[in-house]
Amino acid sequence: MRFDDGQESSNIEDRRSSGRGLPVGGRSIGVGTVVLALVAWYFGIDPSVVMQGASMLDNQPPAVQQGQQGVQNTGNAQEDQLARFVSLVLRDTEQTWQQIFAQGGKQYADPKLVLFRDATQTACGTGQAAMGPFYCPADSKVYLDLGFFEELQRRFRAPGDFAQAYVIAHEVGHHVQNLLGISEQVHRARQRMSEAEGNALSVRQELQADCFAGVWAHHANAARQVLESGDVAEALAAATAIGDDTLQRQSQGRIVPESFTHGSSEQRVRWFRRGLDGGNVEQCNTFKAASL
């Protein structure tokens, strides 16, 4: 990706110095952590439920931890460079969604993005790196342990800066849903549904966030030419790698469609491409789509 203006976001909250973890290059991630990641975040359980549970197990209230504003120098050049890339991507999403909202007569409220190591307190409870990146609607913050990008490259075989940008843009997509009232509607609807029905609704919500990520990429490239050769392929590889069917096949050797919560690899690729090709938010209405 190419960010010629080099503008970083002012909405980064850096908690890495207060974390307990090791730098990205020195982290040891075992099989148990990977399995937990598959089960706990994007591939089966609502992060807020897991976080609240972890908070209760620790016998600690979900007090919100504070960090320093802006990307800080931690002494790990590789990690700090990656953190600044995250800040560049976040700033670009801000520019794009501010413009899209303004065109619709609305005002976009920027989310905060929290960088942390291993675990951190959120308004949704205790967030853990094993959950992967997540969005907390209660405080309008995206939470990211940079070690996830190492996992994305090494274990999920989805390298590249645009693959990383896609992950960030997907979480920002959840923020857009929160601003539009979609997240609250889904939350209320799921309380009246069976588990299988709730999972199906969750899939539609996640696929819409994928589509919103594509909408961001479409407009960012049209306005600022941020994409370079091979970037789209990187994002598609990431979407494929974290599809529910792919992850279930890897973790348990079989696919259980009724337990999907984020969509199959094919679905995630399709909806990201829809947003990328058309750049139209209205085309991302997964909730009214007859077929995903």
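Model, not experiment: these values are computed from the prediction.

Peer 1: So what exactly am I meant to see when it comes to the pattern of salt bridges here?
Peer 2: Charged atoms that come close allow side chains of opposite charge to pair. With the rule as written, the count across this model stands at 16 salt bridges. In this structure, E13 and R15 form a salt bridge, with 2.9 Å as the shortest nitrogen-oxygen distance. When its relative accessible area of 2% is taken as the criterion, E13 is described as buried. Look at R15 and you get buried, because its relative accessible area is 1%.

Peer 1: Help me understand the environment of F287, please; the structure alone is not making it clear to me.
Peer 2: When you line up the elements, F287 lands in the segment after α10 (265-278). The spatial distance from the C-alpha of F287 to the C-alpha of R204 is 5.9 Å, given a sequence separation of 83 residues.

Peer 1: Is there a simple way to think about the side chain of Q208 in this case?
Peer 2: As for its placement among the helices and strands, Q208 is situated in helix α7 (residues 195-224). In contact with Q208, not counting residues within four places along its chain, are Q177, I182, C284, N285, T286 and F287.

Peer 1: Looking at this structure, I do not really get the sheet that holds strand β6 (residues 134-136). What am I missing?
Peer 2: Backbone-to-backbone hydrogen bonds join strands into a sheet, with any given pair of strands oriented parallel or antiparallel. A sheet is described by the order of its strands in space; here 5 strands give the open sequence β2-β1-β3-β7-β6, paired in mixed fashion. The outermost strands of the open sheet, each flanked by one partner alone, are β2 (68-69) and β6. Bridge count between strand β1 (residues 12-14) and β2: 2 bridges; the pairing is antiparallel. Opposite E13, over in β2, you have Q69 as the bridge partner. Contacting β1, β3 (112-115) and β7 (141-144), helix α3 (residues 77-103) crosses the sheet at an angle of about 170° to β3. Its contacts with the sheet put helix α5 (residues 161-179) on β3, β6 and β7, and the angle it makes with β6 is roughly 25°.

Peer 1: What is the right way to read the nonpolar core from this model?
Peer 2: Soluble globular proteins tend to pack their nonpolar side chains together in the buried interior. W97, F149 and W216 are the most contacted members of the largest nonpolar core, which totals 61 residues. Those elements that place two or more of their residues in this core are α3, β3, β7, α4 (147-154), α5, α7, α8 (231-241) and α10. Ranked by the residues each element gives to this core, the list is headed by α3, at 10 residues. Formed by 7 residues, the second largest nonpolar core is a distinct cluster that contains F116, F134, C136 and Y143.

How each quantity is defined
Residues numbered from 1 in each chain as written. Predicted model: local features only at pLDDT ≥ 70, side-chain atom pairs only at ≥ 80, totals over all residues. Heavy atoms only, no water. Salt bridge = Lys/Arg side-chain N within 4 Å of Asp/Glu carboxyl O. Buried < 20%, exposed > 50% of the residue type's maximum accessible area, 1.4 Å probe, protein only. Helix = DSSP H or I, 4+ residues; strand = E, 2+ residues; numbered from the N terminus. Contact = heavy atoms within 4.5 Å. Pairing = 2+ DSSP bridges. Axes fitted to C-alpha atoms, helices over the stretch in contact; angles between N-to-C directions. Core = buried A, V, L, I, M, F, W, Y, C linked by side-chain atoms within 4.5 Å.

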